[in-house]
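Residues per chain are reported as follows:
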Amino acid sequence: MKTIRIKVDDAGVCVVSAAPHISNEEMLSYVHEKRDWIARHRAERIGSPSYIAAHASKKEIESWRSVVKACVPPLVAEWEQILGVKAGTLAYRNMTSKWGSCQPSTGRVCINIRLALYPPECLEYVVVHELCHLLQANHGPKFWGLMDKVMPDWRERQAKLRG
C-alpha cells in the first residue's frame, strides 16, 4: 500500500489503512477531509440488507428462515422440471459469505436465509444457480452458458445481491 485507504464495511464501521510511512496526523487529516464521503457511505450501508443482517435478532433470523423455507421448495420443483435435474436434501443456513451451495454428488442444495432480505428474483437466481451445478459442477464456460440459456437476466439478479 502506498497511500491511505478508507473503507466502510457492511456493519457501517469505517476502516482506515495506510502505508507504514504515513503518520497518524496525516491519517486523521485525510479522514477529516473525507468525512462527507464516509457519512454518505455509512448511511448507504446502514439501510442495506447486509447491515440489517449483521444487526438482526434471533427472532428476525428465524423469520427469514421461515420465509425462505416456504419459498424454495416450489422454486426447486419448477426449475427441476425445466433443467431436468433432481435435487437431494434442501438445507437453509444463515451464511455471511455465500448465497448458496450445492454438492453435485449428493444433490444437497443449501440456501442462505438472508435472501429473505432481497427481492424474490434474487432467491430464484440462487436456486437456479445451485441447481445448474447438478449439471455443471464448476463455474466454467459451460456453467455460465447454461445460466445464459435458462435465465438470460441472471447478471442483473446477481448484481442486486452485490449492490
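This write-up is about the structure you can find in this document. (Residues numbered from 1 in each chain as written. Predicted model: local features only at pLDDT ≥ 70, side-chain atom pairs only at ≥ 80, totals over all residues. Heavy atoms only, no water.)

## Focus: helix α7 (residues 154-162)
Item 1. Along α7, the residues that are buried comprise Trp 154, Arg 157, Gln 158 and Leu 161. All buried residues of α7 fall inside an arc of 100° around its axis, so they share one side. (Buried < 20%, exposed > 50% of the residue type's maximum accessible area, 1.4 Å probe, protein only. Helix = DSSP H or I, 4+ residues; strand = E, 2+ residues; numbered from the N terminus. Arc of directions from axis to C-beta.)

## Describing helix α6 (residues 141-150)
Item 1. Taken together, the buried positions of α6 are occupied by Phe 143, Leu 146, Met 147 and Val 150. Looking straight down α6, one finds that the buried residues subtend no more than 100° of arc, so they occupy a single side. Seen from the buried face of α6, the exposed residues on the opposite side, beyond 90 degrees, are Pro 141 and Lys 149.

## Notes on the sheet that holds strand β4 (residues 100-103)
Item 1. In spatial order, the strands read β3-β5-β4; together these 3 strands make up an open sheet with mixed pairing. Bordering the open sheet on either side are β3 (90-93) and β4, each of which pairs with just one other strand. Within the sheet, the average angular offset between the axes of one strand and its neighbour, ignoring direction, is 15°.
Item 2. Of the strand pairs in this sheet, β3 and strand β5 (residues 108-112) are connected by 4 bridges, and their pairing is parallel. (Pairing = 2+ DSSP bridges. Axes fitted to C-alpha atoms, helices over the stretch in contact; angles between N-to-C directions.)

None of this, on its own, says anything about what the molecule does.
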